[in-house]
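# Commentary on secondary and tertiary structure
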Amino acid sequence: NFSQSIGTAWVCRQDGILATNAHVAEFMQDASKWRLLACVQNDTGRLFEVKEGMLHPRWKGVASPDVALIRIDPKGEPLTALPLADDARLRALRIGTQLGTMGYPGEMQLEYVRKQSQTGALVTAQATFKDGWIGRILDFQGARAPFEASYSIQHSASLSGGTSGSPMFTADGHVVALNN
């Protein structure tokens, strides 16, 4: 069912490594179930074949690391990776810090596949930008924690299914979290 298979991934290494949520990558574990196992490049509609998905080894559902990497075939072309926040930027996050995100809301899925070009590109696939603010920074159990044990950012961005795996980034463009 297409509605169960939409999610967002983003380039974290120019050689074709994308980051997303483990719950998004899980449905890629058995590619034989899917007619189309591909990633769509934002605004170009270009399709990339998914080679493999690697779930975080401690992923066990809610209250665990919902992180995965996907390897695609970039067909020899370097991709533009989003910059990851370093330790100092992560330590600077506070309640009230504004975050932005780009993702593919599930309610738009029919629009994404509505029109294909002669090459098969999904030319109407364009990510949606949303913003919000950090409300709380928590551990996996939903409690306040010191920096070293803080893994979850609660935010106010109005997001829906399909935006899972979207990068959450600060005003300077550094990724600080994955939306789930």
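My aim in this report is to walk through the structure given alongside it, one point at a time. As the structure is a computational prediction, the values presented were derived from the model and not from experiment.

Another aspect to go through is the side chain of H174. Residue placement: H174 occurs in the loop between β9 (167-169) and β10 (175-178). Polar side-chain contacts of H174 include one of 3.1 Å to the side chain of D172. When neighbours within four sequence positions are excluded, H174 is seen to be in contact with P83, L84, A85, R89, M168 and F169.

Here we come to the environment of P65. Examined against the element boundaries, P65 turns out to sit in the loop between β4 (47-55) and β5 (68-72). You can call P65 buried: its relative accessible area is 9%. Sequence-wise, P65 and N21 are 44 residues apart; in three dimensions their C-alpha atoms are separated by 8.6 Å. Residues within four places of P65 in sequence aside, it is in contact with A22, H56, R58, W59 and F140.

This brings us to the pairing of β5. Covered by surrounding structure in β5 are A68, I70 and I72 only, the residues L69 and R71 on the alternate face being uncovered. Across 4 bridges, strand β2 (residues 17-20) lies against β5 in antiparallel orientation. Bridge assignment links I17 to a residue of β5, and that residue is R71. In this sheet, β5 lies alongside β4 in antiparallel orientation, the contact comprising 5 bridges. Each bridged residue has a counterpart across the sheet, and for L55 the counterpart in β5 is A68.

Cut-offs applied
- Residue positions are counted from 1 within each chain, in the order its sequence is given.
- Only residues with pLDDT of at least 70 get local features here, since the model is predicted, and only at 80 or more are side-chain atom pairs given and counted; chain-wide, interface and lining totals rely on the full set of residues.
- Computation of side-chain values: all heavy atoms of the structure, hydrogens and water removed.
- Secondary structure elements follow DSSP: runs of H or I no shorter than four residues count as helices, runs of E no shorter than two count as strands, and numbering proceeds from the N terminus.
- Two N or O atoms count as a polar contact when they lie within 3.5 Å, although within protein this holds only if one can serve as hydrogen donor and the other as acceptor, and sequence-adjacent residues are included solely when both atoms are side-chain atoms.
- Note on contacts: a residue pair qualifies if any of its non-hydrogen atoms lie within 4.5 Å across the two residues.
- The buried label goes to any residue with under 20% of its type's maximum accessible area, the exposed label to any with over 50%, and the partly exposed label to all in between, with areas taken from a 1.4 Å probe on protein chains only.
- Between any two strands, at least two bridges found by DSSP are needed for them to pair.

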